[in-house]
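# Descriptive structure summary
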Amino acid sequence: MTAQAVAATARPRPARAWRAVLRLHQPALFLWGVFVTVVSAVLLWAYGPGGNAAGAAWRRKCTVDLCDLEDYSVDRYHLAFRFSEAAIDFLPILVALWAGGMLIGRELENGTAELAWTQSVSPVRWLATKLAAPAALLTAGTTLLVGLHRLLFDAHQVPKGWNWTDNGTFETNGPIAIAFPLLGLALGALAGLVVRRAAVGLMVAVLATGVARSLVLWAGPHLWPWRTDVSTLPDGYPPMKAAFQGGEGAITSTGAHIPDPCGTAQKACLAAHDIVGHYREYHPSSQFWPLQLTETALILTVTALAVAAAFTLLRRRTA
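As a starting point, this report considers the structure included with it. Small disclaimer: the values here were computed from a predicted structure and weren't measured. Counting restarts for each chain, with residues numbered from 1 along the sequence as it is written. pLDDT decides what is reported in this predicted model: residues at 70 or higher carry local features, side-chain atom pairs at 80 or more are listed and counted, and totals for whole chains, interfaces and linings draw on all residues regardless. Each side-chain value is worked out from all heavy atoms of the structure, with water and hydrogens disregarded.

## Details of the pattern of salt bridges
Criterion for a salt bridge: a side-chain nitrogen of Lys or Arg within 4 Å of a carboxyl oxygen of Asp or Glu. Overall, the coordinates contain five salt bridges when judged by the stated rule. Residue Glu85 pairs with Arg82 through a salt bridge whose shortest N-O separation is 2.7 Å. Taken together, the residues span about one helical turn, with Glu85 and Arg82 both in helix 4 (residues 73-110) at a distance of three residues. We classify Arg82 as partly exposed; its relative accessible area is 32%. In this description a helix means any DSSP run of H or I spanning at least four residues, a strand means any run of E spanning at least two, and both kinds are numbered starting from the N terminus. Buried residues are those whose accessible area, probed at 1.4 Å on protein chains only, stays under 20% of the maximum for their type, while exposed residues exceed 50% and partly exposed ones sit between those limits.

Take a look at the structure:
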């Protein structure tokens, strides 16, 4: 066999496969770059001049309930924060779903994937490159945005602002926001391989990711032990704190925690049910990182299972 024939039949180097993937994703890469740049600029503005102006306006013209209607510094500051928070919470996941479900499904639907498998690259390397390239870019961009978001959160606490347990704030303040796009990418790839259609694969991936996200967020607070405050009957329920709220109820003389059967009822009901106090479960701010890391571990576990299922399905279909 001549040297030219060997070169013609040789598989392309991984670098060439990466360049092919980047060319395929070029429009999405451009939009992703614009998104990261815009959100980063908004966060930096709120961290610097926007936050400083909002803090000065609050000290000068605001009360707990109302600001000077002619000074919108506080409103602009909070709008920038909430906009960035919503963008970080959802748009990276949508980009990941597009890269996984839409693009992989389109290549399978058009037959370009099978052509690549027979002429240039193995199915396993094809899928690995399709996942690795967007995963690296999504992780890098989202990590930058999460870091800037946390920098802003720690820098300015203008009153009427936010709490660390707010929906969206908790997720975008740590690695949870970085893990969710990887889950969307994995479920998107799996959906594309299953249905082998671009639009249908994207719809299935959106549905699967939405269900998985909801289940993870529901289970997250229960992955770490709750702290419990108790009180005696004359004191009523323990006071609520700025924390994740868990269960609450009544305590019997044996120490058992039960649903409160009496509410605001009279002493006869309390005595009939042997209730001697009340309890309230919560996660304080000191448990922020345990909650973040355990929830992130759960997301990455589901992601790994989805990736393993995608490679297993691909091997069976191309064996």
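## Observations concerning the nonpolar core
Here, the term nonpolar core denotes a set of buried Ala, Val, Leu, Ile, Met, Phe, Trp, Tyr and Cys residues that are joined through side-chain atoms within 4.5 Å. Judged by nonpolar contacts, the single largest core of 61 residues is most densely connected at Trp126, Leu127 and Leu193. Taken together, the elements giving at least two residues each to this core come down to helix 3 (26-61), helix 4, helix 5 (112-119), helix 6 (123-155), helix 8 (176-195), helix 9 (198-219) and helix 11 (288-318). The greatest single-element share of this core, amounting to 13 residues, is contributed by helix 8. Counting five residues, the second-largest nonpolar core is a separate cluster that includes Ala250, Cys269, Leu270 and Ile275.

## Focus: the packing of aromatic side chains
Side-chain rings of Phe, Tyr and Trp, where Trp is taken by its six-membered ring, are said to pair if the distance between their centres is within 6.5 Å; with planes under 30 degrees apart they count as stacked, over 60 as edge-to-face, and otherwise as tilted. Here the structure, examined in full by the defined rule, presents seven aromatic pairs. With centroids separated by 5.5 Å and ring planes inclined at 85°, the aromatic side chains of Phe170 and Phe288 adopt a geometry described as edge-to-face. Residue Phe170 is located in helix 7 (residues 169-172), and its partner Phe288 is located in helix 11; the two are separated by 118 residues in the primary sequence. Residues Phe170 and Phe288 agree in their burial class; the two are buried. The structure contains a cluster of three or more aromatic residues connected by ring pairs, namely Trp164, Phe170, Phe244, Phe288 and Trp289.

## Re the environment of Phe81
With respect to the helices, strands and loops of the structure, Phe81 is situated in helix 4. The class for Phe81 is buried, based on a relative accessible area of 0%. Put simply, Phe81 and Val39 are 42 residues apart on the chain and 9.9 Å apart in space, counted from C-alpha to C-alpha.

## Some remarks on the side chain of Gln292
You can see Gln292 is positioned in helix 11. For Gln292, a relative accessible area of 0% gives the class buried. Here a polar contact is recorded for every N or O atom pair within 3.5 Å, except that within protein the pair must consist of a potential hydrogen donor and a potential acceptor, and residues adjacent in sequence are included only if both atoms are side-chain atoms. At a separation of 2.6 Å, a polar atom in the side chain of Gln292 contacts the main-chain carbonyl oxygen of Phe170. Note on contacts: a residue pair qualifies if any of its non-hydrogen atoms lie within 4.5 Å across the two residues. Every residue in contact with Gln292, bar those within four places of it in the chain, is listed here: Phe170, Glu171, Asn173, Gly174, Pro175 and Ile176.

## Focus: unusual backbone geometry
In the Ramachandran plot, Arg196 falls in the positive-phi region, its phi being about 55° despite a non-glycine side chain. Checked against the element boundaries, Arg196 lands in the loop between helix 8 and helix 9. A relative accessible area of 25% means that Arg196 is categorised as partly exposed. Here Asp274, not a glycine, exhibits a phi torsion of approximately 60°, which is positive. Residue Asp274 is classed as partly exposed on the basis of its relative accessible area of 36%.

## Some words on a nonpolar patch on the surface
Patches were defined on residues exceeding 30% relative accessible area and lacking a salt bridge, with like-charge contacts within 9 Å and nonpolar side-chain contacts (Val, Leu, Ile, Met, Phe, Trp, Tyr) within 5 Å. To be clear on the numbers: accessible area is Shrake-Rupley with a 1.4 Å probe, and residue cover counts the displayed protein chains and nothing else. Side chains of Phe30, Leu31, Val34, Val38 and Phe83 sit close together on the surface and give an oily, nonpolar patch of about 490 Å² of accessible area. For the nonpolar patch, the leading source of residues is helix 3, giving four residues. Its location among the elements puts Val38 in helix 3.

## Quick look at the packing of helix 8 against helix 11
Between helix 8 and helix 11, whose axes approach to 9 Å, the crossing angle comes to 20°. Regarding the angle of helix 8 to helix 11, the classification is roughly parallel. Every pair of crossing elements has a handedness; the one defined by helix 8 and helix 11 is left-handed. In the scheme used here, Gly and all other residues not listed as nonpolar or charged are polar, with Ala, Val, Leu, Ile, Met, Phe, Trp, Tyr, Cys and Pro taken as nonpolar and Asp, Glu, Lys and Arg as charged. Class assignment of the residues belonging to the contact of helix 8 with helix 11 gives a composition of 19 nonpolar, three polar and two charged. Fitting a line to C-alpha atoms yields each axis, with helices limited to the stretch in contact; the angle taken between N-to-C directions then spans 0 to 180 degrees. Oblique is the label for any angle not under 35 degrees, not over 145, and not in the 65 to 115 range, which are roughly parallel, roughly antiparallel and roughly perpendicular in turn. Crossings are classed by handedness, with left-handed meaning an anticlockwise turn of the near helix from the far one by less than a right angle and right-handed meaning a clockwise turn.

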